[in-house]
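Commentary on secondary and tertiary structure
Each chain, letter by letter, is given below.
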Amino acid sequence: MSGEWVLGIIGGSGLYAMDALEDEQWIEVKSSFGEPSDAILCGRIAGVKVRFLPRHGRGHRILPGQLNARANIDAMKRAGCTDLLAISAVGSLSEPLAPGHFAAVDQFIDRTQGRASTFFDNGLVAHVSMGDPVCPRLSGYAADAVERAGGTVRRGATYLAMEGPQFSTRAESKLYRSWGAEVIGMTGMPEARLAREAELPYALMAMVTDYDSWRDKEAAVDVSDILETMHANGEIARKAVEKLCALLPERREASPIDTALEHAIITAPEQRDRAVMARLDAVAGRVLNGGQS
Ligand SMILES: CSC[C@H]1O[C@H](OP(=O)(O)O)[C@H](O)[C@@H]1O
Ligand SMILES: Nc1ncnc2[nH]cnc12
């Protein structure tokens, strides 16, 4: 879909509103997948339409494992988002990625358990490609924006999504390092999977808050260290969103991710479950309704 940008921002720990928005208004968006984390804050930054959702709700009410990621992504799609930038606090599993740095995530290892991780269901089976889970265009713009906001950013990092809410043991932390994971958090999955199913180009800008628990001579991560780093660097994340809006080209060219479902649904048309199709009106309406966008 070429045309205008409607930039969805999913704000993680420490990011519960966006001061820079003009004409701001919180709107309740109903989802066919249950309750989203909160209302969506709508407005404009540098002329770009922005839709902001605090991932854990205002006041940080929702555990990572209890987030209704399906409702969140479905609501952002219904709110008209064309692209989604997720912002997340993460632990670092790599020495050069120091607390206070940012990382533009480009790969995931998913260790979450028991979370609803697809919009599809019996009666409507789909398999989207997840080889390249992140939109390189949006991720590149977001990394440029962090630099313009004065941050240090690493382009390309593998994110280990853990279940939580407890932090990792030292043995787990070392194991994930041996797998090549560079940052660790609790929310990037299934969010990234669901964004792809919803044909929304997704990027994850991770803010490193701690060194997790793999450094033997140092204390294991605790939440007070995380909050301290988050408060010291949250302003860069907020400023980066403003810079991102300012640097997006006026016209949004189509992305291949806009049509991720094109050949993904394999259930024969006559076998499709009407109720499941109805629930997917926003996520998959483009393909289910004869390919119109
Ligand atoms: C506050 S520390 C752990 C918490 O922070 C991260 O949240 P988010 O990804 O939403 O920024 C992490 O995933 C945990 O949920
Ligand atoms: N060390 C860590 N593990 C999981 N999630 C985090 N979020 C911030 N730091 C984290």
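The numbers attached to residues start from 1 for each chain and follow its sequence in the written order. Each chain takes a letter, starting from A, and each ligand takes a number, starting from 1, following the order in which they are written. Thresholds applied to this predicted model are a pLDDT of at least 70 for local features of residues and 80 or more for the giving and counting of side-chain atom pairs; totals over whole chains, interfaces and linings are not thresholded and use all residues. Side-chain numbers here rest on the full set of heavy atoms in the structure, without hydrogens or water.

Quick note on the threshold: UniProt positions are given in the numbering used here, feature names are shortened, and annotations may be inferred rather than shown by experiment.
The protein has the name S-methyl-5'-thioadenosine phosphorylase in an unreviewed UniProt entry, where Qipengyuania pelagi is given as its organism. Per its UniProt entry, the protein bears the Catalytic activity (unreviewed entry) comment "S-methyl-5'-thioadenosine + phosphate = 5-(methylsulfanyl)-alpha-D-ribose 1-phosphate + adenine". Under the Pathway (unreviewed entry) heading, UniProt states for the protein: "Amino-acid biosynthesis; L-methionine biosynthesis via salvage pathway; S-methyl-5-thio-alpha-D-ribose 1-phosphate from S-methyl-5'-thioadenosine (phosphorylase route): step 1/1."

**A closer look at the site of ligand 2**
Put simply, the rule is: Here, proximity means that at least one heavy atom of the residue falls within 4 Å of the molecule or strand. Definition of a polar contact: a pair of N or O atoms within 3.5 Å, with one able to donate and the other able to accept a hydrogen when the atoms are protein atoms, and with sequence-neighbouring residues admitted only if both atoms are side-chain atoms. Surface exposure here means Shrake-Rupley accessible area, sampled with a 1.4 Å probe, where a residue is shielded only by the protein chains that are shown. Helical segments are the DSSP runs of H or I of at least four residues, strand segments are the runs of E of at least two, and each set is numbered from the N terminus. All amino acids are sorted into three groups, where Ala, Val, Leu, Ile, Met, Phe, Trp, Tyr, Cys and Pro are nonpolar, Asp, Glu, Lys and Arg are charged, and the leftover types, Gly among them, are polar.
Lining the immediate environment of ligand 2, one finds Ala89, Val90, Gly91, Met162, Phe167, Ile184, Gly185, Met186, Thr209, Asp210, Asp212 and Ile226. At 3.2 Å, a backbone N or O of alanine 89 approaches a nitrogen atom of ligand 2. For ligand 2, the accessible surface in isolation is 260 Å², of which the surrounding protein chains cover 94%. Among the elements of the structure, strand 5 (83-92), strand 10 (183-185) and strand 11 (202-210) are those that each provide at least two residues to the shell around ligand 2. Per-element tally for the shell around ligand 2: the top contributor is strand 5, with 3 residues. When the residues that make up the shell around ligand 2 are grouped by side-chain class, the tally is 7 nonpolar, 3 polar and 2 charged.

**Considering the UniProt feature "site: Important for substrate specificity" (unreviewed entry) in the protein**
Stated formally: Contacts are assigned to residue pairs that have any heavy atoms within 4.5 Å of one another.
Here the UniProt-annotated "site: Important for substrate specificity" (unreviewed entry) positions come out as Ser168 and Val223. Despite a sequence span of 56 residues, these residues sit close together in the fold, their greatest C-alpha distance being 12.5 Å. Mapped onto the fold, serine 168 is located in the loop between strand 9 (158-161) and helix 3 (170-178). Among residues more than four places away in sequence, those in contact with serine 168 are Met162, Ser173, Tyr176, Ile184, Asp212 and Ser213. Position of valine 223 relative to the elements: it lies in helix 5 (residues 223-247).

**Brief notes about the packing of aromatic side chains**
Put simply, the rule is: Each Phe, Tyr or Trp ring (for Trp, its six-membered ring) is paired with any other whose centre lies within 6.5 Å, and the angle between the two planes then decides the class: stacked below 30 degrees, edge-to-face above 60, tilted in between. Relative accessibility under 20% of the residue-type maximum defines a buried residue, over 50% an exposed one, and the middle range a partly exposed one, all with a 1.4 Å probe and only protein chains included. Here, over-ring charges are defined by two tests on the NZ atom of lysine or the CZ atom of arginine: distance to the ring centre within 6 Å, and angle to the ring normal within 35 degrees.
Evaluated as defined, the whole model comprises 5 aromatic pairs. Look at phenylalanine 33 and phenylalanine 119: their rings are 5.0 Å apart centre to centre, the planes differ by 70 degrees, and that puts the pair in the edge-to-face class. Of this pair, phenylalanine 33 sits in the loop between strand 2 (22-27) and strand 3 (40-45) while phenylalanine 119 sits in the loop between strand 7 (107-110) and helix 2 (136-148), and the two are 86 residues apart along the sequence. An angle of 50 degrees between the planes, with centres 5.4 Å apart, marks the rings of tyrosine 176 and tryptophan 179 as tilted. For tyrosine 176, a relative accessible area of 2% puts it in the buried group. With relative accessibility at 40%, the residue tryptophan 179 sits in the partly exposed group. If you follow arginine 177 out to its NZ or CZ, it ends over the ring of tryptophan 214, 3.7 Å from the centre. When the ring centre of tyrosine 211 is taken as reference, the NZ or CZ atom of arginine 215 above it lies at 3.7 Å.

**Description of the site of ligand 1**
As a structural note, the neighbourhood of ligand 1 is formed by Gly12, Ser13, Arg55, His56, Pro64, Ser88, Ala89, Gly185, Met186, Thr187 and Ile226. Within the contact set of ligand 1, an oxygen atom lies 2.8 Å away from a side-chain nitrogen or oxygen of arginine 55. Here an oxygen atom of ligand 1 and a side-chain polar atom of threonine 187 are 2.6 Å apart. Burial of ligand 1 by the protein chains amounts to 91% of its free accessible area of 390 Å².

**Some remarks on the pattern of salt bridges**
Heads up, the rule is: By definition here, a salt bridge exists when the distance from a side-chain nitrogen of Lys or Arg to a carboxyl oxygen of Asp or Glu is within 4 Å.
Summed over all chains, the structure comprises 20 salt bridges. The residue arginine 58 makes a salt bridge to aspartate 38 at a minimum N-O spacing of 2.7 Å. Here aspartate 38 lies in the loop between strand 2 and strand 3 and arginine 58 lies in the loop between strand 4 (48-54) and helix 1 (69-78), a separation of 20 residues in the sequence. On the basis of relative accessibility, which here comes to 36%, the residue arginine 58 falls in the partly exposed class. Among the residues examined, aspartate 38 registers a relative accessible area of 15% and is labelled buried. With a closest N to O distance of 3.2 Å, aspartate 121 and arginine 279 form a salt bridge. Residue aspartate 121 is found in the loop between strand 7 and helix 2, and its partner arginine 279 is found in helix 6 (residues 274-279); the two are separated by 158 residues along the sequence. Taking relative accessible area as the criterion, aspartate 121 reaches 36% and is therefore assigned partly exposed. Classification of arginine 279 as partly exposed rests on a relative accessible area of 27%.

**Overview of unusual backbone geometry**
In this chain, glycine 164 is followed by proline 165 through a cis amide linkage whose omega measures 0 degrees. Of note, the amide linkage connecting methionine 189 to proline 190 takes the cis form, showing an omega dihedral of 10 degrees. By the element assignment, proline 190 lies in helix 4 (residues 188-197). Its identity is not glycine, yet aspartate 23 carries a phi of approximately 50 degrees, on the positive side. Within the element layout of this structure, aspartate 23 appears in strand 2. Even without being a glycine, histidine 60 presents a positive backbone phi close to 50 degrees.

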